[in-house]
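# Chain and residue survey
Here is how the chains run, residue by residue.
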Amino acid sequence: MKTSEITAAQAGLIGCNTCSLLTHPVSMEHPGHCPRCGAKLESRRPNSIQYTWALVIAATICYIPANLLPVMNTTALGSSEADTIMGGVIYLYTSGSWPLALIVLIASVMVPLGKLIALAYLLITVQRGVKGGVRERTRLYRMVEFIGRWSMLDVFVDTFTVAMVQLKPLMSVEPGLGVVFFAAVVVLTMLAAVTFDPRLIWDSGTEIEVRPVAAPKGHPSVLNEKSHA
Amino acid sequence: MDTEIVACPDCDLLQQIPVLNPGDKARCPRCGHVLASAAIDSHHPLDLPLSLTLTAFIVLIIANTTPLMGLSVMGKTASTTIIGGAYEMWINGEPLTAAVVAFSAVIAPGLFILFMLIVLLAARRPPAPHWVGEMLRWAQSMQPWSMLEVMMLGILVALIKIAELATVEPGIAMFAVGALVLLFPAIMVSFNAHEVWMRVEWDHDAAASQSPPQT
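Residues numbered from 1 in each chain as written. Chains lettered and ligands numbered in written order. Predicted model: local features only at pLDDT ≥ 70, side-chain atom pairs only at ≥ 80, totals over all residues.

### Concerning the overall build of chain A
Counting its secondary structure elements, chain A contains seven helices and eight strands. Across the 229 residues that make up chain A, the buried fraction comes to 42%. Pairs at least 24 residues apart make up 65% of the contacts formed inside chain A by residues separated by at least 6 positions. (Helix = DSSP H or I, 4+ residues; strand = E, 2+ residues; numbered from the N terminus. Buried ≥ 20, exposed ≤ 12 C-beta atoms within 10 Å, placed from the backbone. Contact = placed C-beta atoms within 7 Å.)

### Thoughts on the interface of chain B and chain A
Listed per partner, the contact involves 66 residues of chain B and 72 residues of chain A. Here the residues of the side of chain B that touches chain A sort into 39 nonpolar, 14 polar and 13 charged. (Nonpolar A, V, L, I, M, F, W, Y, C, P; charged D, E, K, R; others polar.)

### So, helix H2 (residues 85-94) of chain A
Residues lying three or four places apart along an α-helix face the same way, a consequence of the helix completing one turn every 3.6 residues. All names here are of chain A. Residues of H2 that are buried: Ile-85, Gly-88, Val-89 and Leu-92. Viewed along the axis of H2, the buried residues span an arc of 100°, placing them on a single side of the element. Structurally, H2 contributes buried residues whose contacts are with helix H1 (48-68), strand S5 (79-83), helix H3 (98-127), helix H5 (153-164) and helix H6 (178-195). Positioned one or two residues after H2, Gly-96 has a phi angle of 100°, which is positive. (Arc of directions from axis to C-beta.)

### Describing the domain arrangement of chain B
How large an interface is tends to be reported as the accessible area lost when its parts come together. Domain boundaries in chain B define domain 1 (1-38) and domain 2 (44-202). Each of domain 1 of chain B and domain 2 of chain B has a C-alpha centre, and the two are 30 Å apart. (Domains from an automatic or database assignment.)

### Re the pairing of strand S7 (residues 171-175) of chain A
Residue and element names in this part refer to chain A. Of the pairings in the sheet, the one linking strand S4 (residues 72-76) to S7 comprises five bridges and is antiparallel in character. Looking at the pairing, Asn-73 lines up with Glu-174 of S7. Where strand S6 (residues 166-167) lies against S7, two bridges are found, and the strand directions are antiparallel. If you follow Leu-167 over to S7, its bridge partner there is Met-171. (Pairing = 2+ DSSP bridges.)

### Focus on the sheet that holds S7(A)
An order of S5-S4-S7-S6 (chain A) is seen for the four strands of this open sheet, with the pairing classed as antiparallel. Two strands close off the open sheet at either side, each with one partner strand: S5 and S6 of chain A.

### As for the sheet that holds strand S7 (residues 167-170) of chain B
All names here are of chain B. Ordered in space as S6-S5-S7, the three strands form an open sheet in which the pairing is antiparallel. The open sheet has two edge strands with one neighbour each: strand S6 (76-80) and S7. If you compare each strand with its neighbour and ignore which way they point, the axes differ by 15° on average. (Axes fitted to C-alpha atoms, helices over the stretch in contact; angles between N-to-C directions.)

### Focus on the packing of H1(A) against H3(A)
Residues and elements named next belong to chain A. One can describe the packing of H1 onto H3 by two numbers: an axis separation of 10 Å at closest approach and a directional angle of 150°. One finds that H1 runs roughly antiparallel with respect to H3. H3 is crossed by H1, and the crossing has left-handed handedness. In this structure, H1 contributes Ile-49, Thr-52, Trp-53, Val-56, Ala-59, Thr-60 and Tyr-63 to the contact, and H3 contributes Pro-112, Leu-116, Leu-119, Ala-120, Leu-123, Val-126 and Gln-127. Taken together, the residues of the contact of H1 with H3 break down into eleven nonpolar, three polar and no charged. (Parallel < 35°, antiparallel > 145°, perpendicular 65-115°, else oblique. Left-handed = near helix turned anticlockwise from the far one by under 90°.)

### As for the environment of B:Thr97
Looking at where B:Thr97 falls in the secondary structure, it is placed in helix H3 (residues 95-122). As a C-alpha pair, B:Thr97 and B:His43 span 54 residues in sequence and 45 Å in three-dimensional space. Those residues within four positions of B:Thr97 in sequence are excluded, and the remaining contacts are A:Val155, A:Pro175, A:Val179, A:Val180, A:Ala183 and B:Met89.

### Points about unusual backbone geometry
Generally, phi is negative for residues other than glycine and the peptide bonds are trans, each holding for most cases. All names here are of chain A. Positive phi is not limited to glycine here, since Ser-20 has a value of about 65°. Mapped onto the secondary structure, Ser-20 falls in the loop between strand S2 (14-15) and strand S3 (22-23). On the neighbour-count criterion, Ser-20 (21 C-beta atoms within 10 Å) is buried. In this structure, Asn-47 is a non-glycine residue whose phi angle is positive, near 50°. Counting through the fold element by element, Asn-47 comes out in the loop between S3 and H1.

### A short note on the packing of H3(A) against helix H4 (residues 134-147) of chain A
Residues and elements named next belong to chain A. Closest axis-to-axis distance for the H3/H4 pair is 10 Å, and the angle between their directions is 145°. Here the hand of the crossing between H3 and H4 comes out left-handed. Of the residues in H4, those touching H3 at Val-111, Lys-115, Ala-118, Leu-119, Leu-122 and Thr-125 are Arg-137, Leu-140, Tyr-141, Val-144 and Ile-147. Taken together, the residues of the contact of H3 with H4 break down into eight nonpolar, one polar and two charged.

### Notes on the pairing of S6(B)
Residue and element names in this part refer to chain B. Taken together, the five bridges between strand S5 (residues 69-73) and S6 define a ladder with antiparallel strand orientation. Paired with Ser-72 across the bridge in S6 is Thr-77. Here S5 hands over to S6 after two residues, with Met-74 in that stretch at a positive phi of 45°.

### Re the nonpolar core
In globular proteins that are soluble, nonpolar side chains generally tend to be buried together. Counting residues in hydrophobic clusters, the biggest one holds 119 residues, and the most contacted among them are A:Phe156, A:Phe182, A:Val185, B:Val119 and B:Leu180. Setting aside chain neighbours within four positions, we find A:Val185 in contact with A:Ala59, A:Cys62, A:Tyr63, A:Ala66 and A:Pro112. (Core = buried A, V, L, I, M, F, W, Y, C linked by C-beta atoms within 7 Å.)

See below:
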């Protein structure tokens, strides 16, 4: 992709991540805080690639016990049974509610795995400076950001099953160790989506015509604040 | 209103936001990110989100204080609340999971609504003091961790699983959560953060670390 457009970083400007105020910091390395909303100003998220890799690797490690360890232990009239996430899906399927089985399967097994693969793919393509598919990769990133929360589904299912079925000594359900690893996968991948900076996709993926940079005409500088109020 | 130059948060492209008609959206021409949207009611842009947030505030209190569902089997009965779910996880040896559940189902939605309510009330008469901007930033940072809609679906799945074993009755909180699942996106759609940002007073210490204007 070739473009004659200009990014804020090339113009020596920073757009605030929170309130989108465009500022012209004295130093791009230490831009300080946004005068409007107080957020830390960052041209690019610092050490974005390293942080995101660390979180993706940690989540991948947690993904294994999350799927192998039981998430629930059901005790009914003396006999006890341990259920993994896949066990829960199979239970829903055999008890006749296949749409729910499908929802849990997608949210608990496929979405976390898909997220890990997608984030690793985004990281590798940025590190290698891949040029193509910039728009598509941005779209993939937005999907990861949007869909991540739904993996929390099984944590809520387990929590409220445990909370409801406390009818000792008749029947009780206890949470298994798997659920904490599962919650960790969801939280770690959500954090990874935050630390990954989508602007890096565009930095490495676009060939930008280098041209002498002057501050763009009429950009809202921080000193003419009265015109905004 | 003057047009504003912004950098796209997803691809950093500098661009000018055109003047928008009510209900319009401006997308980044390069990556498609929605950069700005104009309120439907341009004279009182904060009134609709304020009334929705106030409603959500009341419904949220109901959702957290009434039973979520009751269950009975062979003459034994039990009921639970949202925070009761997290508490059961805690006493059953899962404090971390309990914390995640409590945060995403009670604390994050609660703080989001509380901060939004304060922001919307304080920003009614411009200029709004600087702390209003800080508070709006906190509200926005809570938003991705508020997972009421995921919890709602999770409860429904749990209900269907338990329904095989016992009689389950949905409580008042269940309907309250259902209302919140609709109210939260309604607040997000009707609220245009830019309307508040334009009213917020700036921090002059932070502004001092910026260069003087070049134009």
